[in-house]
Amino acid sequence: MAQNGTTENGVAEETSASPFPQPVTVQVIKYTKIFINNEWLPSCSGRTFPTVNPATGVKICDVEEADKDDVDEAVQAAKAARQRGSPWRRMDASSRGSLLHKLADLVERDRLLLATLETMDTGKPFLQSFFIDLDGSIKTLRYYAGWADKIHGKSLHVDESFMCLTKHEPVGVCGAIIPWNFPLLMFMWKIAPALSCGNTVVIKPAEQTPLTALHVGSLIKEAGFPPGVVNIVPGFGPTAGAAIASHMDIDKVAFTGSTEVGQLIKEAAAKSNLKRVTLELGGKNPCIVFADCDLQLAVEETQKGAFYNQGQCCTAASRVFVEESIYEEFVHRSIENAKKIVIGDPLDPRTSHGPQIDQQQFDKIMDLIESGKKEGAKLEYGGSAVGEKGLFVHPTIFSGVKDHMRIAKEEIFGPVQCIFSFKSHEKAVERANTSQYGLVSAVFTTSMDRALSVSAALETGTVWINCYNALHAQTPFGGYKMSGNGRELGEYALAEYSEVKAVTIKLSETL
């Protein structure tokens, strides 16, 4: 593994007996500036901001802070990169795909370093960064690399006097604003389809977690993407993010984050140039566990959904409806399963549960846990911070949860599993749908008839059957209701980054 590290970008820890990948020792953070036109620039204002390791509370480094002026520069670079006659505009589609494959190769080369940076910046366990986030990032790049030369229109039959055809063209300059919970993976979810379609990008990583995005900027340049095709502007939502959402020369914006901020972005997009908007927002995701299910599988999968990434997932399985006849056994097994979770240093490969991202998120989670206790839910496990200092929260299980409680309605974004009981199958589906959100859901049953009928009735963009968090680059992802607009991943995402042009030709002669 040491071949993936150098004295410049990190050296693998010496753990000869370990069967798992090991994090590298990062001696210096090399990329901390704004990335515009394939160059590393200081901020126009001269301001920087710190990025902090949430596991230790120690500052990792200072990063240049982009604001409106820097976004303006990035947008001008992106506009120039897509002008008629530019290298990116002249490049054939298969060459765009080759560049995406080359970027995937470089991400694979730096996989240990990127996983280490992701864990340092987010607090997520290292093996999750390495096996989930990096694997998903590489597969997303390769999937859309394959699409680059397969995007095409249709010929349409009208009548004998006309020939009609459609062309799929790039939208233009695409803005992207990504969250702190999956920084690298969301970076790839945004840039890969955009670049596959021939767009240029201005992307803002979350202020809490800018490091992997900036490192990928160096790989984009190394891969050979022309200047201005991808521009990275680390900064804050109210400044850099707002500038992207309202910019008159950005043609489309994609955002992953809270529903409240998504509403602000959609408003800014409408009030500026009516730019296209793709939103992947919050969720209060139901699982319905029927009595005929594989019980242990249901316990493990729903708990994986509730506690993965310390519960900091838009897909978190925070409402688990369990049929009454198996309810007590399900709760018992869930408690026993939670006891196996290893809380500790995220860089230790043995750790499966790290800290929350920051104090604000920690306080929100603890407040909601207290509300669950006060409103009458039964605290079965956890429910407290780990130690007197730090941002670690014990995985928490509540039973006896009722639909009116705050923990049943609000997105917690923390390691809290809420278990409900039900008698009527119809009532379970009705309760599952009683939410402003509609992102994902899950059904656990051995009856495929029931699985398919229930999945048809659930008002969510994704329904998992006998599994959870099963995300693939080929499969579209997005929500109903206030969980967002549009789709990411799969062939469906290409439509979000393409304009369809109809060309109609009048024929002068007919036979």
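Residues numbered from 1 in each chain as written. Predicted model: local features only at pLDDT ≥ 70, side-chain atom pairs only at ≥ 80, totals over all residues. Heavy atoms only, no water.

Caption draft 1: Spotlight on unusual backbone geometry. Its identity is not glycine, yet Asn37 carries a phi of approximately 60°, on the positive side. Looking at the element boundaries, Asn37 is found in the loop between β3 (34-36) and β4 (39-41). With a phi close to 60°, Asn466 is a non-glycine residue in the positive phi region. Mapping Asn466 onto the fold places it in the loop between β21 (462-465) and β22 (480-481). (Helix = DSSP H or I, 4+ residues; strand = E, 2+ residues; numbered from the N terminus.)

Caption draft 2: Broad picture of helix α3 (residues 93-109). Compared with an ideal rise of 1.5 Å per residue, which puts 17 residues at 24 Å, α3 spans 25 Å between its outermost C-alpha atoms and is within 8% of the ideal. Those residues of α3 that fall on the buried side of the exposure criterion are Arg96, Gly97, Leu99, Leu100, Leu103, Ala104, Leu106 and Val107. Where α3 is buried, its residues contact α2 (87-90), α4 (111-122), α5 (126-147), α6 (183-196) and α7 (211-223). (Expected span 1.5 Å × (residues − 1). Buried < 20%, exposed > 50% of the residue type's maximum accessible area, 1.4 Å probe, protein only. Contact = heavy atoms within 4.5 Å.)

Caption draft 3: Up close: the pairing of strand β8 (residues 162-170). By the bridge criterion, two bridges tie strand β7 (residues 155-156) to β8 in an arrangement that is antiparallel. Counterpart to Leu156 in the pairing with β8 is Cys164. The hairpin formed by β7 and β8 contains five residues between the paired strands. Relative to strand β24 (residues 498-506), β8 is paired through nine bridges, and the arrangement is antiparallel. Note that in β24 the partner of Glu169 across the bridge is Glu499. (Pairing = 2+ DSSP bridges.)

Caption draft 4: Region of the structure containing the pattern of salt bridges. All chains considered together, the criterion is met by 30 salt bridges. Here Asp133 and Lys124 are joined by a salt bridge, their closest N and O atoms 2.7 Å apart. On the basis of relative accessible area, Lys124 is assigned to the buried category, the value being 0%. Among the ionic pairs, Arg406 bridges to Glu410, the shortest N-O distance being 2.9 Å. Through salt bridges with shared partners, a single ionic network connects Arg47, Glu65 and Asp67. (Salt bridge = Lys/Arg side-chain N within 4 Å of Asp/Glu carboxyl O.)

Caption draft 5: Geometry of the side chain of Arg111. Structurally, the position occupied by Arg111 is in helix α4. It is Asp135 that comes nearest to the buried, bridge-free Arg111 among opposite-charge side chains, at 4.0 Å. A polar side-chain atom of Arg111 sits 2.8 Å from the main-chain carbonyl oxygen of Phe130. With sequence-adjacent residues up to four places away left out, Arg111 is seen in contact with Phe130, Phe131, Leu134, Asp135 and Ile138. (Lys, Arg positive; Asp, Glu negative; His and termini not counted. Polar contact = N/O pair within 3.5 Å; in protein donor to acceptor, adjacent residues only side chain to side chain.)

Caption draft 6: A look at the confidence of the model for the protein. Scored by pLDDT, the protein comes out at a mean of 95, with 96% of its residues at no less than 70. The low-confidence segment residues 1-16 (pLDDT under 50) makes 30 contacts with residues lying over four places distant or belonging to another chain. (pLDDT = per-residue confidence, 0-100.)

Caption draft 7: Representation of the sheet that holds β24 in the model. What the three strands build is an open sheet, ordered β7-β8-β24; its pairing is antiparallel. Lying at the two open borders of the sheet, with one neighbouring strand each, are β7 and β24.

Caption draft 8: Summary view of the sheet that holds strand β17 (residues 396-399). Taken in spatial order, the seven strands make up an open sheet running β16-β17-β18-β15-β14-β20-β21, and their pairing is mixed. Bordering the open sheet on either side are β16 (378-381) and β21, each of which pairs with just one other strand. Taking the axes of each pair of neighbouring strands and ignoring which way they run, one obtains an average angle of 25° across the sheet. In this fold helix α12 (residues 359-374) packs onto β16, β17 and β18 (416-422), with an angle of close to 25° to the strand it touches most, β17. (Axes fitted to C-alpha atoms, helices over the stretch in contact; angles between N-to-C directions.)

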